[in-house]
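# Coordinate inspection notes
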Amino acid sequence: MARVWETPIFAIATVYFTVDALFSAITGPITAWLSRKRLLERVRRWVTSLGPYQSFALFAVPVIVLEPAKPLSAYLLGTGHFLPGAIVFIAAEVLKLTVVERLFQLNKTKLLSIPLFAWGYGTGGE
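On a predicted model such as this, the values are computed, not experimentally measured, just so you know. (Residues numbered from 1 in each chain as written. Predicted model: local features only at pLDDT ≥ 70, side-chain atom pairs only at ≥ 80, totals over all residues. Heavy atoms only, no water.)

What follows is about the packing of aromatic side chains. Applying the stated criterion to the full structure yields four aromatic pairs. A ring pair is formed by Phe59 and Phe117, whose centres lie 6.3 Å apart and whose planes are at 40°; its orientation type is tilted. In this pair, Phe59 sits in the loop between helix H3 (52–58) and helix H4 (60–66) while Phe117 sits in helix H7 (residues 115–121), placing the two residues 58 residues apart along the sequence. With relative accessibility at 15%, the residue Phe59 sits in the buried group. (Phe/Tyr/Trp six-rings, centres within 6.5 Å; stacked < 30°, edge-to-face > 60°. Helix = DSSP H or I, 4+ residues; strand = E, 2+ residues; numbered from the N terminus. Buried < 20%, exposed > 50% of the residue type's maximum accessible area, 1.4 Å probe, protein only.)

The next thing to look at is the pattern of salt bridges. Evaluation of the coordinates by the stated rule reveals five salt bridges. Among the salt bridges present, the one from Glu67 reaches Lys96, with a minimum N-O distance of 3.0 Å. Here Lys96 lies in helix H6 (residues 82–112) and Glu67 lies in the loop between H4 and helix H5 (69–78), a separation of 29 residues in the sequence. Looking at Glu67, the relative accessible area reads 24%, which means it is partly exposed. Taking the relative accessible area as the measure of exposure, Lys96 reaches 5% and is therefore buried. Bridged by salt links that share partners, the residues Glu67, Lys70, Glu93 and Lys96 form one connected network. (Salt bridge = Lys/Arg side-chain N within 4 Å of Asp/Glu carboxyl O.)

The next thing to look at is the side chain of Ser73. With respect to the element layout, Ser73 can be found in helix H5. Those residues in contact with Ser73, other than ones at most four positions away along the chain, are Gly85, Val88 and Phe89. (Contact = heavy atoms within 4.5 Å.)

What follows covers the nonpolar core. Within soluble globular proteins, side chains that are nonpolar generally end up buried alongside one another. Membership of the largest hydrophobic core is limited to nine residues, which are Val47, Leu50, Leu58, Phe59, Leu103, Phe104, Leu111, Ile114 and Phe117. Ranked by residue count, the leading element in this core is H6, at three residues. Residues within four places of Leu50 in sequence aside, it is in contact with Ser55, Leu58 and Lys110. (Core = buried A, V, L, I, M, F, W, Y, C linked by side-chain atoms within 4.5 Å.)

Running from N to C, H5 and H6 point in directions that differ by 165°, and their axes come no closer than 7 Å. Compared by their axis directions, H5 and H6 come out roughly antiparallel. Handedness of the crossing formed by H5 with H6: left-handed. Contacts between H5 and H6 involve Ala69, Lys70, Leu72, Ser73, Leu76 and Leu77 from the first element and Phe82, Pro84, Gly85, Ala86, Val88, Phe89, Ala92, Glu93 and Lys96 from the second. For the contact of H5 with H6, the residue count by class is ten nonpolar, two polar and three charged. (Axes fitted to C-alpha atoms, helices over the stretch in contact; angles between N-to-C directions. Parallel < 35°, antiparallel > 145°, perpendicular 65-115°, else oblique. Left-handed = near helix turned anticlockwise from the far one by under 90°. Nonpolar A, V, L, I, M, F, W, Y, C, P; charged D, E, K, R; others polar.)

So, in structure tokens, the structure goes:
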């Protein structure tokens, strides 16, 4: 029975990661632009003052706040509201990826000091 789910789950995961990769092309320039803004200097100082595990936990915030927009966009799409559904999905995804990318840029060294994170990132915890 478990094999029945392998193909649909693999297909869904493939689509999800492909969409994330496509949106990353958009979020890169946005993240670079945000990094040059002095308006966010206090937030930047606070984020960089966090320890490795607090920095890692901070990654959950954009996911928890913005991930519920995906089911909302699916509902809107399913009820025939294509444009609002697409806008909700695209805005939430771009915002989430931009914030996560910026958090990673600010705390990459600290995050890679966590062995499991480093292993997942591909450096093997070295």
